[in-house]
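Below are the chains, spelled out letter by letter.
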Amino acid sequence: LIHEYLNGWFPKLGLWSGRVVYLDTHAGRGEHAQGQIGSPVVALETLLRHQFRDRILEHSEVKFMFIEHDADNVDVLKRKASALGDLPDRVCVTVSAEDCYTQIEAMLQRLEYCGKRIAPAFAFVDPYGFNVPGALLSRLLRAGRVELFVNVIWRELDMAISGELVNPGSRMSETLDLIFDGDRWRQIDPSRNFDERADQTIDLLKDVYGAEWVTSVRMLGKNNATRYILAHFTNHDGGRDLMKECVWKICPEGGFYARRSDNPNQTRLIVPEPDLAPLGRWLRSKLKNGPRRWSELTDALRSELWLNKHLSLVVREFRKDKRIVATAYKGRFSKKADPLLSLTEE
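The notes below deal with the structure included here. (Residues numbered from 1 in each chain as written. Predicted model: local features only at pLDDT ≥ 70, side-chain atom pairs only at ≥ 80, totals over all residues. Heavy atoms only, no water.)

## Things to note about the sheet that holds strand β10 (residues 324–327)
As a reminder of what qualifies: Strands qualify as paired when DSSP identifies two bridges or more between them. Strands here mean DSSP runs of E at least two residues long; helices mean DSSP runs of H or I at least four residues long; both are numbered from the N terminus. The criterion used for residue contact is that any of the two residues' heavy atoms lie within 4.5 Å. Between N-to-C directions, angles cover 0 to 180 degrees, with each direction set by a line fitted to C-alpha atoms, over the stretch in contact for helices.
With antiparallel pairing, the three strands of this open sheet are ordered in space as β9-β11-β10. A single partner strand is all that each edge strand has here, and the edge strands are β9 (292–293) and β10. When β9 meets strand β11 (residues 340–343), the two strands line up antiparallel, connected through two bridges. Residue pairing across strands places Arg-293 opposite Leu-340, the latter belonging to β11. Each of β9, β10 and β11 touches helix α11 (residues 277–287); the most contacted strand, β11, lies at about 100° to it.

Shown next, in the form of structure tokens:
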């Protein structure tokens, strides 16, 4: 998922911004126990092997910041990065053995003191536990054109929330206050089922971080229960659109679930044909109160799971079946022509 996103994000920002930053807060060793490469190496290889690498580097410096508190892991990660060979000019890699939140706090203080903003950044927060300070991530998201990609350790976090709500009085409330920047976690309803609590929690984190959009992927364990939630937080329409494109590539259906695989070589899951009947009902609901431009429907679709290409298929099917009519456009019927779409009389 990181590879797919960065593959689109590097040229989207790197061809004009002058500098882009990839930040990995818990970078690890650069390799997992079963031999899969870790996120820092994935990020580096995505740029180094990118078809537009040279053009990106003509316009921007690309800075990789890998933070890992364990010194042994740092040594291994440095060797993994060095094994990729000499880096091109304008590619900068720093690996530091520090507490990531302390380092991010210091960086934000410097920026705020100087009245500056961070270069466009993609921050992958993949903690060893669920103790992630919400206020700090909110400041980071507001510090510039920042994309936050957070691995929410859902099973343990859910146990902590539910346990404190059902049997209050433990020290866990202080940790939860840190994560949610206050006691808003008490709004989560422990009587809801596991998946509903997950949805409520991710929506709450979206508000805590101050993000306009959140796109989440459920990582399912062997019992098909949600183990982790990979959540992308952004304030940019383009970031939301790109992440939706990416998750449709790697997940088996539009609900953005992903299943654990015991095969370390299985990096992508089969994508079946999506069921577009619900999207058809959505389109009818949007046109029920009057005509809408195709561009208006595209904007409205951003908050849904479907992609623009899915909407195009449904619009064309509806027009072919004479369930809608298109007016007020010039030239060939297309999304670019932005026709006015209306439901036909039944």
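## Quick word on the pairing of strand β5 (residues 144–152)
Here is the rule: Relative accessible area decides the class of each residue, using a 1.4 Å probe on protein chains only: under 20% of the type maximum gives buried, over 50% gives exposed, and in between gives partly exposed. Here the term right-handed applies to a crossover when the path leading from its first strand over the helix to its second strand runs clockwise, the strands being oriented away from the viewer.
With respect to burial, β5 is a largely interior element, eight of its nine residues being buried. Relative to β5, strand β4 (residues 118–125) runs parallel, the two sharing six bridges. Directly across from Phe-122, in β5, lies its bridge partner Glu-147. A crossover connection joins β4 to the parallel β5 through helix α6 (residues 134–142); in handedness this β-α-β unit is right-handed. Judged from the five bridges that link them, β5 and strand β7 (residues 226–234) form a sheet pairing that is antiparallel. Residue pairing across strands places Phe-149 opposite His-232, the latter belonging to β7.

## Details of the packing of aromatic side chains
Under the convention used in this document: Aromatic pairing here means that ring centres of Phe, Tyr or Trp (its six-membered ring) are within 6.5 Å. Orientation follows from the plane angle: under 30 degrees is stacked, over 60 is edge-to-face, and everything else is tilted. Note on geometry: a ring has a charge over it if NZ (lysine) or CZ (arginine) is within 6 Å of the ring centre and within 35 degrees of the ring normal.
Applying the stated criterion across every chain yields a total of 14 aromatic pairs. Members of the aromatic cluster, each reached through a chain of ring pairs, are Tyr-5, Trp-9, Phe-10, Tyr-22, Phe-64, Phe-66, Phe-122, Phe-124 and Phe-149. Of note, Arg-55 hangs over the ring of Phe-52, and the distance from its end group to the ring centre comes to 5.6 Å. Positioned over the ring face of Phe-318 is Arg-323, at 4.0 Å from the centre of the ring.

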